[in-house]
Amino acid sequence: RWRDAVVMDSESTALVERRVRLALTENDRRGLNTWIARLPVEAKEKDEWQYWQADLLYSKDRKEEADEILHKLMKSRGFYPMVAAQRLGVEYPLQVDAAPKPDSATIQGPELARVRELMYWGMDNLARSEWANLIGSKTHVQQQMLARYASEQDWWDLSVQATITAKMWDSLKERFPLAWQDLYK
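Note that the structure is predicted; figures quoted are calculated from it, not measured. (Residues numbered from 1 in each chain as written. Predicted model: local features only at pLDDT ≥ 70, side-chain atom pairs only at ≥ 80, totals over all residues. Heavy atoms only, no water.)

Go over the packing of aromatic side chains with me, naming the residues and quoting the values.
Overall, the coordinates contain 6 aromatic pairs when judged by the stated rule. Ring geometry for Tyr 51 and Tyr 80: centres 5.6 Å apart, planes at 45°, overall tilted. Of this pair, Tyr 51 sits in helix α5 (residues 47-59) while Tyr 80 sits in helix α7 (residues 79-88), and the two are 29 residues apart along the sequence. Of the two residues examined, Tyr 51 and Tyr 80, each falls in the buried class. Arranged with centres 6.3 Å apart and planes meeting at 85°, the rings of Trp 131 and Trp 155 form a pair that is edge-to-face. With Trp 131 in helix α10 (residues 124-136) and Trp 155 in the loop between α11 (140-152) and α12 (156-165), this residue pair connects regions lying 24 residues apart in the sequence. Judged by relative accessible area, Trp 131 falls into the buried class, the value being 0%. Within the aromatic cluster, the residues linked to one another by ring pairs are Tyr 51, Trp 52, Phe 79 and Tyr 80. (Phe/Tyr/Trp six-rings, centres within 6.5 Å; stacked < 30°, edge-to-face > 60°. Helix = DSSP H or I, 4+ residues; strand = E, 2+ residues; numbered from the N terminus. Buried < 20%, exposed > 50% of the residue type's maximum accessible area, 1.4 Å probe, protein only.)

Tell me about α11, and name the residues and values.
An ideal rise of 1.5 Å per residue puts 18 Å on 13 residues; α11 measures up with 19 Å between its terminal C-alpha atoms. Along α11, the residues classified as buried are Gln 143, Gln 144, Met 145, Leu 146, Ala 147, Tyr 149, Ala 150 and Ser 151. On the buried face of α11, the contacting elements are α8 (104-107), α9 (110-120), α10, α12 and α13 (172-175). Of the residues flanking the end of α11, it is Asp 154, one or two places downstream, whose phi is positive at about 65°. (Expected span 1.5 Å × (residues − 1). Contact = heavy atoms within 4.5 Å.)

Right, here's the structure in full:
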């Protein structure tokens with residue numbers, strides 16, 4: 001087809017990746033093999049393409065090579081590493097960090113006092129704006145402490161925002177708070 005000829009001649013990684021996804025959508029194993037092979041080396045190192053390369057190896061009865069790729073992939077953090085663990089039938093080593101307990105110096109001050117007051121009066125949008133300014137002005141450790149503080153105050157959205165700002169990807173309690181758990185008891 002003309003589209004495949006254009007993609008094959010293209011130097012665009014994004015275009016080739018799109019073609020790989022089309023092969024996956026169409027359950028075209030032969031096309032999947034062709035298009036993954038066409039990806040540049042650095043693109044082939046992405047988690048999703050590593051997973052699908054292993055999948056192709058399984059379909060060719062090259063289990064040891066596929067297992068090796070999936071074991072290596074499991075050392076990363078993300079969706080495909082979790083799927084790799086599931087495929088291997090092993091438990092995914094989930095990293096869970098605890099945010100440090102806030103010290104008194106971090107939770108004192110006029111900025112946090114304004115946030116507390118705004119939250120008390122239900123002025124959530126203004127509180128979020130104040131919170132974003134507060135979090136942005138703090139050190140990484142203070143951001144972590146404030147994420148925990150927000151979680152302890154049941155300010156779920158502020159806790160999540162702090163984890164994003166501080167890049168606290170493994171602080172699951174603050175990043176994914178159980179905000180509505182009482183509704184499901």
